[in-house]
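For reference, the chains in residue letters:
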Amino acid sequence: DHGDWQMFVIEKSPFVIEKTDRTIFQSGDVVFLRAHTGRYVDVEETWVRARWDDQSHAMRMQGLVIVKHSPGAIMAGDT
């Protein structure tokens, strides 16, 4: 166990205009993972790294879409 070194912060895309609560995640939301270093995770070929601390650069590179196969908001423990 490496404590905070294993933690990611999930952030919604600031480029999506929505009227819902930005702290509630729904299936189809575009999110970005921020590592303990403050840098955003990106994937290039087989490399997974946290390289970009510039949010606008990271947003162009590596948005992830959350998918849930049942209705409702995404909650802790969902798979």
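Presented here is a report on the structure given in the accompanying data block. For clarity, every value in this text was computed on a predicted model and none was experimentally measured.

Reading guide: rules and limits
- Chains are numbered independently. Their residues run from 1 in the order of the written sequence.
- Under the rules for a predicted model, residues below a pLDDT of 70 receive no local features and side-chain atom pairs below 80 are neither given nor counted, while totals for whole chains, interfaces and linings still include all residues.
- The side-chain quantities take in all heavy atoms of the structure and omit both hydrogens and water.
- Here a strand is any run of E in DSSP of at least two residues, a helix any run of H or I of at least four, and the numbering for each starts at the N terminus.
- Throughout, a residue-residue contact means that at least one pair of heavy atoms, one from each residue, lies within 4.5 Å.
- Computed with the Shrake-Rupley method and a 1.4 Å probe, the accessible areas treat only the protein chains shown as cover for residues.
- Pairs of strands are assigned from DSSP output, requiring at least two bridges between the strands.

From N to C terminus, the chain includes one helix and five strands. Starting at the N terminus, the α and β elements of the chain follow one another as β-β-β-β-α-β. For the chain, the share of sequence-separated contacts (at least 6 apart) that also reach a separation of at least 24 residues comes to 42%. Taken as a whole, the chain presents about 6,000 Å² of accessible surface, with 58% of it coming from carbon and sulfur.

Glancing now at the pairing of strand β4 (residues 47–52). Note that strand β3 (residues 40–44) and β4 share five bridges and pair antiparallel. Residue Glu44 lies in a different strand from β4, and its bridge partner there is Trp47. In this structure, the hairpin formed by β3 and β4 is closed by a connection of two residues, where Glu45 is found at a positive phi of approximately 55°.

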